[in-house]
Amino acid sequence: MTRVKKGVHALKRRRSVLKQTKGFRHGRSTKERQAKEALLHSGNYSFAHRKDKKSHNRKLWNIKINAGARELGMSYSKLIDALKKKGILLDRKILSDLAENNREVFSRIIESIK
């Protein structure tokens, strides 16, 4: 059987790990063992926080809609209820963008509900 030397593959793996941890603080960006462990943790965090980001954004949209609606004399819950009863199919992301950037359009939506 022929002899297999692992130097090339080991170096490639090491370079790959260190390239992925570029920008990490302290030894996590330069030392192979610490970099490997940091990569494992960062992968877990990014997976978990992709889910958290969705709920965080929804909360932010609700706050923006509520602020815009209260300026025009309506609460968030009454606005959402009225939208559903009228059959207006605008999601919270669009409504929050309208409340923040297009006041005229948002106020026309609220006037159509009242």
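This text gives an overview of the structure that appears in the document. (Residues numbered from 1 in each chain as written. Predicted model: local features only at pLDDT ≥ 70, side-chain atom pairs only at ≥ 80, totals over all residues. Heavy atoms only, no water.)

Here helix α3 (residues 76–86) has its buried residues at Tyr76, Leu79, Ile80, Ala82 and Leu83. With its buried residues spanning 165 degrees around the axis, α3 presents them on a single face. More than 90 degrees from the buried face of α3, the exposed residues found are Ser77, Lys78, Lys84 and Lys85. The elements touched by buried residues of α3 are α2 (32–71), α4 (92–101) and α5 (103–113). (Buried < 20%, exposed > 50% of the residue type's maximum accessible area, 1.4 Å probe, protein only. Helix = DSSP H or I, 4+ residues; strand = E, 2+ residues; numbered from the N terminus. Arc of directions from axis to C-beta. Contact = heavy atoms within 4.5 Å.)

With that settled, the discussion passes to the environment of Glu111. Relative to the assigned elements, Glu111 resides in helix α5. For Glu111, a relative accessible area of 51% puts it in the exposed group. With 96 residues separating them along the chain, Glu111 and Arg15 place their C-alpha atoms 61 Å apart.

Core analysis: the biggest nonpolar cluster contains 15 residues, and Ile65, Leu79, Leu83, Leu95, Phe106, Ile110 and Ile113 have the highest contact counts within it. Within the residue set of this core, elements represented by two or more residues are α2, α3, α4 and α5. Ranked by residue count, the leading element in this core is α3, at five residues. (Core = buried A, V, L, I, M, F, W, Y, C linked by side-chain atoms within 4.5 Å.)

Turning our attention to the packing of helix α1 (residues 7–20) against α2. Across the interface, α1 lies against α2 with an axial gap of 9 Å and an inter-helix angle of 60 degrees. When the interaxial angle is binned, α1 and α2 end up oblique. Here α1 runs over α2; the crossing is left-handed. Residues Arg14, Val17, Leu18 and Gln20 of α1 form the contact with α2, whose participating residues are Glu32, Ala35, Lys36 and Leu39. Among the residues making up the contact of α1 with α2, the classes are represented as four nonpolar, one polar and three charged. (Axes fitted to C-alpha atoms, helices over the stretch in contact; angles between N-to-C directions. Parallel < 35°, antiparallel > 145°, perpendicular 65-115°, else oblique. Left-handed = near helix turned anticlockwise from the far one by under 90°. Nonpolar A, V, L, I, M, F, W, Y, C, P; charged D, E, K, R; others polar.)

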